[in-house]
Amino acid sequence: MDPLPAPRRVLTAIDGEGRSYIAEDGPSPAEFVLPGSTYRSTNMWRTAAGPSAIDAPDDIAEHRGVLPPQGGTVIRVIDFPPIGDATPEERAAMVKAAFAALYPDAVHHADSDRSPSMHTTDTIDYAIVLQGEVVAVMDRDETVLKTGDILIQRGTAHGWDNRSDAMCRVAFVLIGAAR
């Protein structure tokens, strides 16, 4: 399966004369591809707190984990490869490796009988399917999300399974939340 092209990040700014301009146009400096896979997680931007300073520096390359900064936000794009012919054991190993490398701050429910990707975060997430389709798995049920669909995840246990035969790209906006 060929990977999707890297997501393009276009960053605007205001110059010394108060005029807007394109400050950057290209790939994000915060991309991770799981070795031996086409699973890619690209952090695009984060805010440190609300309200955020418009001219806050770009520090996305310093972001670690799944959670946004306390009181802040993070937007990331994840490319999910199809499960394909992977055995349940191979799939569980891949997901475990992704959580260990990228998301150690998530509560990973690796022993879930619903999906090896089940996890919980104290966030409100806007999940926007940009390309393909993905199954949003909950404790009790699931639904297929297709290009253009938006899921609002409110601190629930959830997982993501690409059961199609094509790559899937989802943009996630995570906002810190309290229980």
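For the structure given in this document, a descriptive report is provided here. On a predicted model such as this, the values are computed, not experimentally measured, just so you know. (Residues numbered from 1 in each chain as written. Predicted model: local features only at pLDDT ≥ 70, side-chain atom pairs only at ≥ 80, totals over all residues. Heavy atoms only, no water.)

## Thoughts on the sheet that holds strand β12 (residues 159–161)
Consideration 1: Ordered in space as β10-β9-β12, the 3 strands form an open sheet in which the pairing is antiparallel. Strand pairing shows two members of the sheet lacking a second neighbour, β10 (142–146) and β12, which therefore form its edges. Looking at each pair of strands side by side, their axes are set apart by 30° on average, direction ignored.
Consideration 2: Across 3 bridges, the pairing between strand β9 (residues 133–137) and β12 is antiparallel. Within the sheet, the bridge partner assigned to V137 lies in β12 and is G159. (Pairing = 2+ DSSP bridges. Helix = DSSP H or I, 4+ residues; strand = E, 2+ residues; numbered from the N terminus. Axes fitted to C-alpha atoms, helices over the stretch in contact; angles between N-to-C directions.)

## Here's the deal with helix α1 (residues 88–102)
Consideration 1: For α1, which comprises 15 residues, the first-to-last C-alpha distance of 21 Å matches the rise-based estimate of 21 Å (1.5 Å per residue) to within 8%.
Consideration 2: Looking at α1, one finds that the buried residues are R91, V95, A98, F99 and L102. All buried residues of α1 fall inside an arc of 95° around its axis, so they share one side. In α1, the exposed positions that point more than 90 degrees away from the buried face belong to E89, K96 and A100.
Consideration 3: In the core, the buried residues of α1 are packed alongside β3 (30–33), β4 (40–47), β6 (107–108), β7 (119–120) and β12. (Expected span 1.5 Å × (residues − 1). Buried < 20%, exposed > 50% of the residue type's maximum accessible area, 1.4 Å probe, protein only. Arc of directions from axis to C-beta. Contact = heavy atoms within 4.5 Å.)

## Considering the sheet that holds strand β5 (residues 73–80)
Consideration 1: Read from one edge to the other, the open sheet built from 6 strands follows the order β3-β4-β5-β13-β8-β11, with strand pairing classed as antiparallel. Where the open sheet ends on each side, the last strands, each with one partner, are β3 and β11 (150–154). The mean inter-strand angle of the sheet, taken between neighbouring strand axes irrespective of direction, is 20°.
Consideration 2: As defined by bridge partners, strand β8 (residues 123–131) adjoins β11 across 5 bridges and the pair is classed as antiparallel. Each residue of the ladder has a partner; that of A127, found in β11, is L151.

## Describing the side chain of S164
Consideration 1: Residue position: S164 is located in the loop between β12 and β13 (168–176).
Consideration 2: Side chain to side chain, S164 and N162 meet in a polar contact 2.7 Å long.
Consideration 3: Within the local environment of S164, its side chain forms a polar contact with the backbone oxygen of A166, the two atoms lying 3.1 Å apart.
Consideration 4: In contact with S164, not counting residues within four places along its chain, are P82 and E133. (Polar contact = N/O pair within 3.5 Å; in protein donor to acceptor, adjacent residues only side chain to side chain.)

## Focus: the packing of aromatic side chains
Consideration 1: All told, the structure shown has 4 aromatic pairs when counted by the stated rule.
Consideration 2: With 5.9 Å between their ring centres and 70° between their planes, Y39 and F80 make a pair best called edge-to-face. One end of the pair, Y39, is in the loop between β3 and β4; the other, F80, is in strand β5, with 41 residues separating them in the sequence.
Consideration 3: Here the aromatic rings of F99 and Y103 are separated by 5.6 Å at their centres, their planes lie at 75°, and the arrangement is edge-to-face. (Phe/Tyr/Trp six-rings, centres within 6.5 Å; stacked < 30°, edge-to-face > 60°.)

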